[in-house]
Amino acid sequence: MNEGTTFLELPADVVMHIFSKLPVKSLLRFKAVCKYWCSLIQSPTFVAKHLRHHKNQENLLVHCYHVHGGASALSLFPDAYLAGTSLEYQDHIPTPTSFSTVSTVLGPVDGLVFIYNDHSLMLLWNPATREVKLLPPLVVSSLPLSSPSRTLYSHVFGFGKDPSTNDFKVVCVRDYWDDDLQVWYVPLVSVYTLSSHSWRQFRDYTFSSLRVVKSYTNTYLNGFYYWGGISSCRVFAFDVRNEIFREIRTPDTFKSMQGNLALYNDSLATFAYNRGTETSVDVWVMEAEGCWIKKVSIGPLLNIRRALGSWKTGFIFIETGNMQLALLNPDTKEIRHLGPRINCYCLQVSRYKESLVRLH
Amino acid sequence: MLYAIFGVQTFLQRDLELRNLSLFNRRKGFSYLFQKSLLFPFSISFFLSQGFIYLFLLSSRKSSSPAAIMSSSSPKMITLQSSDGETFEVEEAVAMESRTIKHMIEDDCANSSIPIPNVTSNTLTKVIEYCKKHVEAKSDEEGLKSFDAEFMKIDKDTLYDLLMASNYLDIKSLLDLGCQTVADKIKGKNPEEIRKEFGIKNDFTPEEEEEIRKESPWVFD
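As annotated in an unreviewed UniProt entry, chain B carries the name SKP1-like protein 1A and is attributed to Coffea arabica. Its UniProt record gives chain B a comment under Sequence similarities (unreviewed entry), which states: "Belongs to the SKP1 family." Looking at chain B in UniProt, the text filed under Pathway (unreviewed entry) is "Protein modification; protein ubiquitination."

The name an unreviewed UniProt entry assigns to chain A is F-box only protein 8-like isoform X1, from the organism Coffea arabica.

Next up, the structure:
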């Protein structure tokens, strides 16, 4: 006699396999079914499995500024829209209340995003579960400002994950310039750890100054957060686990290039654009630390302001002359505009995957 | 069996050599030469017969039925036995779609028939049907897609049986297909519908359930 299996008899890993194919919205709803489902969906094993699953498609998170209304918003372009198979995208996704035009978005890392307006307003946010965690304010340390001639030159953030503990960290680097002595003061570094919900502050003596620029897109990769230096030939890395800084060697050709760091097919890359009468885009990929290879060179192209990053198929995101976001096909050199074309200026793009990662 | 033949051959060869040596050592002369010349054709015919025996055993090993001795290119068959005692003969390539069976064959535990204790004959029939199609039409993506869609038009019980079977037998593509089918069915349902569908009892207190709903109210519209 064939006694049919009921759903309740299915082993946990088969149930998790079914769940990993569901979107976050359905899973949040199913937490209310019963205690077993709730604990299964919240378990760290399942959260990691769901994040890794191939069905969990990468989308593009776009931070743009809308002229009408004078506000900035986040849009989500799903994989199908970028592939050209669908015309649907989410123009304005719900954002935390403190999100404003001056907000900078870092990440995403494992589906979590770091947003900051200035020193005082910083938060971690999971767009899929809409969970928000406000970070405690940065201590404006008395020490570097003890001399009145010292001024805060810049503060730059980084956001990443310690791969050994899966703990998320935010790093803030503050450089001070001493007007009297005409030197840089040792940078003040602050690191926030999610698990302890606190900042650790220290002075880093590796470099006399860490004048780094904000990345336009996510530059966290495999336990390191990367920034380009003020002089674009320098690249710095922050080891998230050990909380130390390193400089990455770059070839001499970088000295004459203008570019920004972004990820290209799971590697760090510099997207360089040579602007002149004709523009070309070169992608230099860091195959191993300090070893850069020019993988792609597209040109001549017209009407490009900068290259922003890459999509998994090797397509390149660019900002056109009139500040619109577009997708560039490296083989055909075809440029396809994305999103609303009118009065909407693109500020940042990043690749985003839904996750159930909890902040509390 | 082959090793045994070779062993015997080697032994006899050495034996002959030893005999030759002893003959040589014992005496030289006509009688020695006579014995040696007799040995020579004897050894030739001996080795020839060994060769025939070897070839015979080799061909009979390739297939179990007498008719197959003629051709040695027919595919190897594996016998699977379901939990209710029914046996199924499948080609080795089809059986190897299951990683569990593949490991058993590679570890040489699959001599006569492989028992599949957790899977009934009805379910095993379906599993074999799936594996057969996926081996035969490997390169035909479109054809496989429509086959998979048709294949999944089954009732709930059969579907869950298939999930259990493909999990035990470690057939990744079938497990994936089954799980996707279930996921597509339940994606848009609300908790009450889910509980009804699967016969799950609500073990939350009203307060506990309210708390979960409060965490993410927008998903419950």
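Caption draft 1: Here's a closer look at the overall build of chain B. Within chain B, the regular secondary structure consists of ten helices and three strands. Counting helices and strands in the order they occur from the N terminus, chain B gives α-α-β-β-α-α-β-α-α-α-α-α-α. Expressed as a percentage of the 221 residues in chain B, the buried residues total 34%. Sequence-distant contacts, at least 24 apart, represent 53% of the contacts inside chain B between residues at least 6 apart. Accessible area for chain B stands at about 14,300 Å²; split by element, carbon and sulfur atoms hold 57% of it.

Caption draft 2: Representation of the interface of chain A and chain B. In this assembly, 35 residues from chain A lie in contact with 37 residues from chain B. Of the roughly 3,200 Å² buried between chain A and chain B on both sides combined, carbon and sulfur atoms contribute 65%. When the buried area of chain A at its contact with chain B is split by residue, R29(A), A32(A) and K35(A) rank highest and sum to 18% of it. Between chain A and chain B we count three salt bridges in total. In this structure, the connection of chain A to chain B is made through eleven residue pairs in polar contact (both at pLDDT 80 or more). Broken down by secondary-structure element, the contributors of at least two residues to the side of chain A that touches chain B are α1 (12-19), α2 (24-30) and α3 (35-42) of chain A. It is α2(A) that contributes the most residues to the side of chain A that touches chain B, five residues altogether. Grouping the amino acids of the side of chain A that touches chain B by side-chain chemistry returns 16 nonpolar, eight polar and eleven charged.

Caption draft 3: Quick peek at the confidence of the model for chain B. Residues and elements named next belong to chain B. Averaged over chain B, the pLDDT score is 79; the fraction of residues at 70 or greater is 67%. No element of chain B has a lower mean pLDDT than helix α1 (residues 2-26), at 54, and none a higher one than helix α8 (residues 172-186), at 94. For residues 23-27, every residue scores under 50 in pLDDT, and the model assigns this stretch six contacts once sequence neighbours within four places are set aside. Here residues 63-71 scores under 50 on pLDDT; set against residues more than four positions off or in separate chains, the count is five contacts. For this predicted complex, the interface score ipTM comes out at 0.80, while the overall pTM is 0.79.

Caption draft 4: How the structure looks around the pairing of strand β3 (residues 104-109) of chain A. All names here are of chain A. Within β3, six of the six residues are buried, which leaves the element mostly enclosed by the surrounding structure. For β3 and strand β4 (residues 112-116), the ladder comprises four bridges, and the chain directions are antiparallel. Counted as the bridge partner of L106 is F114 from β4. Between β3 and the antiparallel strand that follows it, β4, lie two residues; D110 among them carries a positive phi value of about 50 degrees.

Caption draft 5: Representation of helix α4 (residues 44-52) of chain A. Residue and element names in this part refer to chain A. Along α4, the positions that sit buried rather than exposed are F46, V47, H50 and L51. Each buried residue of α4 lies within a common arc of 135 degrees when the element is viewed along its axis, so the set occupies one face. Counted as exposed and oriented over 90 degrees from the buried face of α4: P44, T45 and R52. Contact partners of the buried residues in α4: α1, α2 and α3.

Caption draft 6: Highlighting the environment of Q42(A). Residues and elements named next belong to chain A. Take Q42: it is sitting in helix α3. Take Q42: its relative accessible area is 31%, and that puts it in the partly exposed class. Through-space distance from the C-alpha of Q42 to that of R150 is 48 Å; in sequence the pair is 108 residues apart. Once you skip the residues sitting within four places of it in the chain, Q42 turns out to touch K31, V47 and R358. A distance of 3.2 Å separates the side chain of Q42 from the side chain of K31, its partner in a polar contact.

Caption draft 7: The arrangement of the layout of surface pockets in detail. Residues and elements named next belong to chain A. Computed from the structure, the largest pocket encloses a volume of approximately 900 Å³. In this structure, the largest pocket is lined by 30 residues; those nearest its centre are P23, V24, N59, Q90 and E354. Examining the composition of the lining of the largest pocket, we find that three residues originate from one element, α2, more than from any other. Of the residues that constitute the lining of the largest pocket, the class distribution is 15 nonpolar, seven polar and eight charged. One number sums up the size of the second largest pocket: a volume of about 770 Å³. Around the second largest pocket, the lining comprises 31 residues; the ones closest to its centre are E58, P108, N218, L263 and D266. Listing elements by their share of the lining of the second largest pocket, those giving two or more residues are α4, β3, β12 (220-221), β16 (259-264), β20 (304-310) and β24 (344-352). Here the element with the most residues in the lining of the second largest pocket is β24; it accounts for four residues. In the lining of the second largest pocket, the residues fall into 13 nonpolar, ten polar and eight charged.

Caption draft 8: Structural view of the sheet that holds strand β6 (residues 131-134) of chain A. Residue and element names in this part refer to chain A. The four strands lie next to each other as β3-β4-β5-β6, forming an open sheet whose pairing is antiparallel. The open sheet has two free edges, formed respectively by β3 and β6, since each of these has just one partner strand. Direction aside, neighbouring strands of the sheet carry axes that sit 20 degrees apart on average.

Caption draft 9: Representation of the pattern of salt bridges within the structure. A full pass over the atoms with the stated rule returns 21 salt bridges over all chains. Salt-bridge contacts for E243(A) lead to K169(A); the nearest nitrogen and oxygen are separated by 2.8 Å. Separated by 74 residues along the polypeptide, E243(A) in the loop between β14 (235-239) and β15 (244-248) and K169(A) in strand β8 (residues 167-178) bring together distant segments of the chain. Take E243(A) and K169(A): they sit in the same class, and that class is buried. One network of salt bridges, with partners in common, ties together E192(B), R195(B), E209(B) and R213(B).

What counts as what
- Residues numbered from 1 in each chain as written.
- Chains lettered and ligands numbered in written order.
- Predicted model: local features only at pLDDT ≥ 70, side-chain atom pairs only at ≥ 80, totals over all residues.
- Heavy atoms only, no water.
- UniProt positions renumbered as here; feature names shortened; annotations may be inferred.
- Helix = DSSP H or I, 4+ residues; strand = E, 2+ residues; numbered from the N terminus.
- Buried < 20%, exposed > 50% of the residue type's maximum accessible area, 1.4 Å probe, protein only.
- Contact = heavy atoms within 4.5 Å.
- Areas by Shrake-Rupley, 256 points an atom, 1.4 Å probe, with all protein chains shown as cover.
- Buried area = accessible area lost by both parts, 1.4 Å probe.
- Salt bridge = Lys/Arg side-chain N within 4 Å of Asp/Glu carboxyl O.
- Polar contact = N/O pair within 3.5 Å; in protein donor to acceptor, adjacent residues only side chain to side chain.
- Nonpolar A, V, L, I, M, F, W, Y, C, P; charged D, E, K, R; others polar.
- pLDDT = per-residue confidence, 0-100.
- Pairing = 2+ DSSP bridges.
- Arc of directions from axis to C-beta.
- 1 Å grid on protein atoms, 1.4 Å probe; cavity = no way out; pocket = protein on both sides within 12 Å on 5 of 7 lines; lining within 4 Å.
- Points joined across faces, edges and corners; volume = space filled by probe spheres on them.
- Axes fitted to C-alpha atoms, helices over the stretch in contact; angles between N-to-C directions.

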